[in-house]
Amino acid sequence: MYSDMVMDHFKNPRNVGSLTDADGIGTEGNPVCGDIMKIYIKVQGNRITDVKFQTFGCGAAIATSSMVTEMVKGKTLEEAMVISNKAVAEALGGLPATKMHCSNLAADALHRAIEDYQAKQKVA
Amino acid sequence: MGKLIYLDHAATTPVHPKVLEAMLPYFSAKFGNPSSVYTLAQEARQAVETARTQVAEVLGSTPREIIFNSGGTESDNTAIKAVAFAQQKLGNHIITSVVEHHAVLETVHALEKMGFQATFLPVDKHGLVNPDDVGRAITDKTTLVSIMLANNEVGTIEPIADIAKVIKARAKGRKIAFHTDAVQGAGSLDLNVDKLGVDLLSLSSHKFYGPKGVGVLYVRRGGPFMTWQHGGSQERNRRAGTENVPGIVGTAAGLKLAEENREAFNKHCSALRDRLIVGVTKIERSYVTGHPTQRLANNASFYFEFVEGESILLNLDFEGVAASSGSACTSASLEPSHVLTSMGVPVESAHGSVRFTLGLENTQEEIDLIISILPGIVSRLRAMSPLSAEKR
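Each value, and the rule that gives it
- Residues numbered from 1 in each chain as written.
- Chains lettered and ligands numbered in written order.
- Predicted model: local features only at pLDDT ≥ 70, side-chain atom pairs only at ≥ 80, totals over all residues.
- Heavy atoms only, no water.
- Helix = DSSP H or I, 4+ residues; strand = E, 2+ residues; numbered from the N terminus.
- Rg over C-alpha atoms; globule rule 2.2 N^0.38 Å.
- Buried < 20%, exposed > 50% of the residue type's maximum accessible area, 1.4 Å probe, protein only.
- Contact = heavy atoms within 4.5 Å.
- Lys, Arg positive; Asp, Glu negative; His and termini not counted.
- Charge placed at Lys NZ, Arg CZ, Asp CG, Glu CD.
- Salt bridge = Lys/Arg side-chain N within 4 Å of Asp/Glu carboxyl O.
- Polar contact = N/O pair within 3.5 Å; in protein donor to acceptor, adjacent residues only side chain to side chain.
- Patch = residues over 30% accessible without salt bridge, like charges linked within 9 Å, V, L, I, M, F, W, Y side chains within 5 Å.
- Areas by Shrake-Rupley, 256 points an atom, 1.4 Å probe, with all protein chains shown as cover.
- Pairing = 2+ DSSP bridges.
- Axes fitted to C-alpha atoms, helices over the stretch in contact; angles between N-to-C directions.
- Core = buried A, V, L, I, M, F, W, Y, C linked by side-chain atoms within 4.5 Å.
- Phe/Tyr/Trp six-rings, centres within 6.5 Å; stacked < 30°, edge-to-face > 60°.
- Right-handed = clockwise from strand over helix to strand, strands pointing away.
- Parallel < 35°, antiparallel > 145°, perpendicular 65-115°, else oblique.
- Left-handed = near helix turned anticlockwise from the far one by under 90°.

**Student:** Help me understand the overall build of chain A in this model?
**Tutor:** When you go through chain A residue by residue, the secondary structure sums to six helices and three strands. Going residue by residue from the N terminus, the α and β elements of chain A occur as α-β-β-β-α-α-α-α-α. What you see for chain A is a C-alpha radius of gyration of 14 Å, in line with the 14 Å of a compact globule of 124 residues. Projected onto its principal axes, the C-alpha positions of chain A cover 45 × 30 × 25 Å. In chain A, which comprises 124 residues, the proportion classed as buried is 52%. Put simply, of all contacts in chain A between residues at least 6 apart along the chain, 61% involve residues at least 24 apart. Of the charged side chains in chain A, 13 are positive and 14 negative; the average position of the first set lies 2 Å away from that of the second.

Quick look at the structure:
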């Protein structure tokens, strides 16, 4: 069902947890669908210097969350904003068709976190 | 991965060695078509009719009331459509419940699209249908009631005999056929059709240590019926197609064995089930689903708040444990189990459901292993979950 890389990220998820001093927090999904991803980012000089995730969901939801945190670390905000859900799935060697929509929302959660950071910058 | 610990007997069972042994000659040595005249074919005919008699004995019916077919889904489809269309001039109303298997629910939905009316009865928090609700739902247009013998997800045993009495009392001499999907009850419950008071009953062989792709539909003699698969005159013109001889032989062998082992099965499985329930519910915010006492001996089903079922199943699989879940993520649909949500389990919690269904080959050591590894799996996933952080 899942590729070896998905299973690797599911078994050993990277960057699990929260950041108490996060500069931006983004959430995507809802419990009714069975998937919620929450991404925390730390930003310094337009670059994402640290990132953590918390996810409620299936194997694909956890693996995509883990993968997106790996892909985005050290990237500029502009580079991070163009990472798509599809790119995350491809980086994992693909996902089963039924998982592409419901469980593949990690990049969206990341984008919400960046938007949260940018909104806070405007206020400040 | 070490030894497989198989706890998904409600999904399917392995073919019992004795069943396989009974089936094997009919693949090659005794391969004849039962409809032919020569000795080889007549051996196959004899095997099919012996199997029919054996199945009838377990059901307390006559052999001619037994139809062999391709499985539980075909049995449910045929039972519902056969009665609905045969009685169309007398009425167009069907009563069923919200917790039925999809083979029943989707068949009734299909009939609704063809102009039939349907009532889907609710269940209580334990998954029970109230017989009085059946009585109240009956109208002068009702021709069929279909309620399952035992639920596949939570193991709740429905009061079929009581429902039969209510139907009889409310029918006032009018013919209302009563069908039960008994697929999940075989091997654990009494399948005597007169004691149950049913007119039609569905069975699937691979749920009682028989082969996949074969099943049984019991149809009470003299009851309404319309043939759905046309062709040859097999199964007394009620189901055309050359008989699946090895499958039919395996069905009878499996059912006979299951009936002989029934008491031992219930004793063995219920002890393990209760041990599992006590052990698993020590996990914080875990809940048993289904009825506390009116449940199948081999069903232990749960849900765990803040975690998702497929993630639990994958982690169990790493340890060699096979189980199942009603989470949307384990099905092609995006909806979690209709059974759990209709019992009042919150949608987000239904995603965290896990079902263990036991068999004769399971041991106490296996149950103790589950009890020892599950808390770690759940707490690891909860540590990862944004829900537990917010709610606790």
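From this point, the narrative continues.
**Student:** Looking at this model, I keep getting lost on the interface of chain A and chain B. Mind explaining?
**Tutor:** By a widespread convention, an interface's size corresponds to the accessible area lost as its parts come together. In this complex, chain A contributes 27 residues to the contact, which on the side of chain B involves 23 residues. In this structure, the connection of chain A to chain B is made through one salt bridge. Across the pair Lys99(A) and Glu310(B) runs a salt bridge, and its minimum N-O distance is 2.6 Å. At the surface where chain A touches chain B, the tally comes to seven residue pairs in polar contact (both at pLDDT 80 or more).

**Student:** In this structure, what is going on with a positive patch on the surface? I would like to understand it.
**Tutor:** Side chains of Lys141(B), Arg170(B), Lys172(B) and Arg174(B) sit close together on the surface and give a patch of like positive charge. Mapping Arg170(B) onto the fold places it in helix α6 (residues 160–171).

**Student:** Explanation requested: the sheet that holds strand β7 (residues 200–204) of chain B in the structure shown.
**Tutor:** Sheet strands associate in pairs through backbone hydrogen bonding, adopting either a parallel or an antiparallel arrangement. All names here are of chain B. Ordered in space as β2-β8-β7-β6-β5-β3-β4, the seven strands form an open sheet in which the pairing is mixed. Looking along the sheet, the strands with just one partner apiece sit at the ends: β2 (66–69) and β4 (117–121). With strand direction ignored, the average angle separating the axes of adjacent strands in the sheet is 20 degrees. Two elements, strand β5 (residues 142–146) and strand β6 (residues 177–181), share three bridges in a ladder whose sense is parallel. Note on β6: the bridge partner recorded for Leu144 is Ala177.

**Student:** What is the right way to read the pattern of salt bridges from this model?
**Tutor:** Pairing between side chains becomes possible if they bear opposite charge and their charged atoms approach one another. Residues and elements named next belong to chain B. All chains considered together, the criterion is met by 28 salt bridges over all chains. Between Glu74 and Arg239 there is a salt bridge, with the nearest N and O atoms lying 2.8 Å from each other. With Glu74 in helix α3 (residues 72–86) and Arg239 in the loop between α8 (234–237) and α9 (245–260), this pair connects stretches of sequence that are 165 residues apart. Grouping residues by exposure puts Glu74 and Arg239 together as buried.

**Student:** How do you make sense of the nonpolar core when you look at a structure like this?
**Tutor:** Generally speaking, a soluble globular protein has its nonpolar side chains buried in company with each other. Ranked by internal contacts, the top residues of the largest apolar core, which has 65 residues, are Ile41(A), Phe304(B), Leu316(B), Phe356(B) and Leu374(B). With eight residues, the single largest contributor to this core is helix α14 (residues 364–384) of chain B. Discounting chain neighbours no more than four positions away, the residues touching Leu316(B) are Val321(B), Ala323(B), Phe356(B), Ile373(B), Leu374(B) and Ile377(B). Membership of the second largest hydrophobic core comes to 59 residues, among which are Ile157(B), Ile167(B), Ala171(B) and Leu340(B).

**Student:** Would you explain the packing of aromatic side chains in this entry?
**Tutor:** Geometrically, a pair of aromatic rings is defined through the distance of the ring centres and the angle of the planes. Residue and element names in this part refer to chain B. This structure, assessed with the given rule, holds six aromatic pairs over all chains. Judged by centre distance (5.1 Å) and plane angle (80 degrees), the ring pair of Phe85 and Phe116 falls under edge-to-face. Within this pair, whereas Phe85 is found in helix α3, its partner Phe116 is found in the loop between α4 (102–113) and β4, the two being separated by 31 residues in sequence. Since its relative accessible area comes to 18%, Phe85 is described here as buried. Classification of Phe116 as buried rests on a relative accessible area of 4%. Cluster of aromatic residues (ring-pair linked, three or more members): Phe85, Phe116 and Trp228.

**Student:** Looking at this structure, how should I read the pairing of strand β3 (residues 93–97) of chain B?
**Tutor:** Across a regular strand the side chains alternate sides, sitting on one face of the sheet and then on the other. All names here are of chain B. Most of β3 is tucked away: five of the five residues are buried. A two-sided burial pattern is seen for β3, the buried positions comprising His93, Ile95 and Ser97 on one face and Ile94 and Thr96 on the other. Here β3 pairs with β4 via five bridges, running parallel. Opposite Ile94, over in β4, you have Ala118 as the bridge partner. Taken together, β3, α4 and β4 constitute a β-α-β crossover, and its handedness is right-handed. In the sheet, β3 pairs with β5 via four bridges, with the strands oriented parallel. Looking at β5, one finds that Thr96 is bridged to Ser146.

**Student:** Is there a simple way to think about the environment of Ser337(B) in this case?
**Tutor:** Residues and elements named next belong to chain B. Its place among the elements puts Ser337 in the loop between β11 (321–322) and α12 (338–342). In this structure Ser337 comes out as buried when scored by relative accessible area, which is 6%. Distance from Ser337 to Ile277, taken between C-alpha atoms, is 20 Å for residues 60 residues apart in sequence. With residues up to four places along the chain from it excluded, the contact list for Ser337 reads Glu153 and Gly326. A polar atom in the side chain of Ser337 sits 2.5 Å from the side chain of Glu153. In this structure the side chain of Ser337 is engaged in a polar contact, spanning 3.1 Å, whose partner is the backbone nitrogen of Val339.

**Student:** Hey, could you run me through the packing of helix α2 (residues 39–59) of chain B against α9(B) in this one?
**Tutor:** The description of two packed helices rests on the angle between their axes and on the distance between the axes. Residue and element names in this part refer to chain B. Closest axis-to-axis distance for the α2/α9 pair is 9 Å, and the angle between their directions is 30 degrees. In terms of orientation, α2 and α9 fall into the roughly parallel class. In this structure, α2 crosses over α9, and the sense of that crossing is left-handed. Residues Ala44, Ala47, Val48, Ala51, Gln54, Val55, Val58 and Leu59 of α2 form the contact with α9, whose own contacting residues are Val245, Ile248, Val249, Thr251, Ala252, Ala253, Leu255, Lys256 and Glu259.

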